[in-house]
Amino acid sequence: MMRSVVIAAMILAAAPAQAAIWKGQVDAGASAATGNTETITLNAEMGLTYEDRLYRHSYNLLALYGEDGGSKSAERILATIKNELKLGAKNTLFTRFEGEHDEFSSINQRFSGILGYGRLIFESAAGSSLNFDIGAGMRWTRVRGVETQWDPVGRSSVTYVGVIREGVKFTQAISVEGGQEAIQTVSDTGLRFALIDRLYVKLGVNVKHTTDTAPGTDSIDTLSKVSVGWSFGPQ
């Protein structure tokens, strides 16, 4: 038995380590209307991932700004950091930190830290995949300028990536984060078309539902976007 363990350890030590890789994408979009209504909307999104044999680190940033008739009508910044420890080919342990500022939402500011478990449900040779995450942690929120205390939260998410054909990719992510103060459900849908080399066009719809909203605010926020982007690294 001991001899088998030693031989296995020697084989693992001799096996080449997976080279660390960087990959990501940056996209931006804008829309404007003039005449009876004068509006302008700008949105930008960036994703960056570093991965080696044992770890995967993901960084995401989303920014939105809008004006209507010369007055600011939208301002949202969402930043996420996720660090994963690989437990074999399909399982991970992770920490996830997310901060959001949304001037026109019921919850103006939000920060959460989650410790959890992730599972790759399936992955096809073409690149389609389905992932599931579940975890728990703490969240701090500021509701319309009123600071609240940290409260325990639970979070789960499902992310599907479907390769329709070469150069066309569909993504759907659904997450639920809930605590004593509010439950927030987010659906993010995207359809990406490759143009030339690493250049692509992306159509997206982001829907966020928040319970226990403040008076005078909507419980559902919807962001529809058309953007042009560029990707790098292995896709």
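Source: prediction; values computed, not measured.

## Thoughts on the overall build of the chain
A count of helical and extended segments in the chain gives one helix and 13 strands. In sequence order, the chain lays out its α and β elements as α-β-β-β-β-β-β-β-β-β-β-β-β-β. For the chain, the residues scored as buried account for 31% of the 235 residues in total. If you take every contact in the chain between residues at least 6 apart in sequence, the share linking residues at least 24 apart comes to 47%. Of the roughly 13,700 Å² of accessible surface on the chain, 62% is carried by carbon and sulfur atoms.

## Some words on the environment of M46
Turning to its location among the elements, M46 is positioned in strand β2 (residues 39-51). Here M46 falls in the partly exposed class, since its relative accessible area comes to 35%. Along the primary structure M46 and W230 are separated by 184 residues, whereas in three dimensions their C-alpha atoms are 9.8 Å apart.

## Quick look at the packing of aromatic side chains
Using the criterion set out here, one finds four aromatic pairs in the structure. Taken together, a centroid distance of 6.0 Å and an interplanar angle of 85 degrees make the contact between F111 and W150 edge-to-face. Of this pair, F111 sits in strand β6 (residues 107-123) while W150 sits in the loop between β8 (146-147) and β9 (151-165), placing them 39 residues apart in sequence. Aromatic side chains Y160 and F170 sit 6.4 Å apart centroid to centroid with 55 degrees between the ring planes, which places their arrangement in the tilted category. In this pair, Y160 sits in strand β9 while F170 sits in strand β10 (residues 168-179), placing the two residues 10 residues apart along the sequence. On the basis of relative accessibility, which here comes to 31%, the residue Y160 falls in the partly exposed class.

## Looking at the pairing of strand β7 (residues 129-143)
Summarising the sheet, β6 and β7 pair through 15 bridges and their orientation is antiparallel. Its bridge partner lying in β7, G116 is registered against G135. From the end of β6 to the start of β7, which pair antiparallel, there are five residues, and G127 there has a positive phi angle of about 115 degrees. Relative to β9, β7 runs antiparallel, the two being bridged by 11 bridges. Across the sheet, residue S129 finds its bridge partner in β9, namely V161.

## Some words on the environment of L62
Its location among the elements puts L62 in strand β3 (residues 55-68). Once you skip the residues sitting within four places of it in the chain, L62 turns out to touch A44, E45, R76, I77, L78 and K225.

## Comments concerning the side chain of D102
Note on placement: D102 falls in strand β5 (residues 91-102). A distance of 3.4 Å separates the side chain of D102 from the side chain of K208, its partner in a polar contact. Not counting chain neighbours up to four residues away, the residues in contact with D102 comprise E75, R76, I107, N108 and K208.

## Observations regarding the side chain of K208
Within the secondary structure, K208 is located in strand β12 (residues 199-210). Setting aside chain neighbours within four positions, we find K208 in contact with R76, E100, D102, S105, Q184, T185, V186, S219, I220 and D221.

## Points about unusual backbone geometry
You will see that D197, though not glycine, has its phi angle at about 55 degrees, which is positive. Tracing the backbone through its elements, the reader meets D197 in the loop between β11 (183-194) and β12.

## Describing a nonpolar patch on the surface
Taken together, the side chains of L54, Y55, L85, L87, L93, Y117, I121, F122, F132, I134, V158 and Y160 define a hydrophobic patch exposed on the protein surface, amounting to about 950 Å² of accessible area. Mapped onto the nonpolar patch, the elements with two or more residues apiece are β4 (71-87), β6, β7 and β9. Ranked by the residues each element gives to the nonpolar patch, the list is headed by β6, at three residues. Tracing the chain through its elements places I121 in strand β6.

## Side note on the pattern of salt bridges
Scanning all chains against the criterion turns up 17 salt bridges. Across the pair E98 and R96 runs a salt bridge whose closest N-O atoms are separated by 2.8 Å. Two residues, R155 and E177, come together in a salt bridge whose shortest N-O distance is 3.9 Å. Taken as a pair, R155 in strand β9 and E177 in strand β10 lie far apart in primary sequence, 22 residues in all. Each member of the pair R155 and E177 is classed as buried. A single salt-bridge network, built from bridges that share partners, covers R76, R96, E98, E100, D102, R110, R139, D151, R155, E177 and K208.

Reading the values: rules and limits
- Residues numbered from 1 in each chain as written.
- Predicted model: local features only at pLDDT ≥ 70, side-chain atom pairs only at ≥ 80, totals over all residues.
- Heavy atoms only, no water.
- Helix = DSSP H or I, 4+ residues; strand = E, 2+ residues; numbered from the N terminus.
- Buried < 20%, exposed > 50% of the residue type's maximum accessible area, 1.4 Å probe, protein only.
- Contact = heavy atoms within 4.5 Å.
- Areas by Shrake-Rupley, 256 points an atom, 1.4 Å probe, with all protein chains shown as cover.
- Phe/Tyr/Trp six-rings, centres within 6.5 Å; stacked < 30°, edge-to-face > 60°.
- Pairing = 2+ DSSP bridges.
- Polar contact = N/O pair within 3.5 Å; in protein donor to acceptor, adjacent residues only side chain to side chain.
- Patch = residues over 30% accessible without salt bridge, like charges linked within 9 Å, V, L, I, M, F, W, Y side chains within 5 Å.
- Salt bridge = Lys/Arg side-chain N within 4 Å of Asp/Glu carboxyl O.

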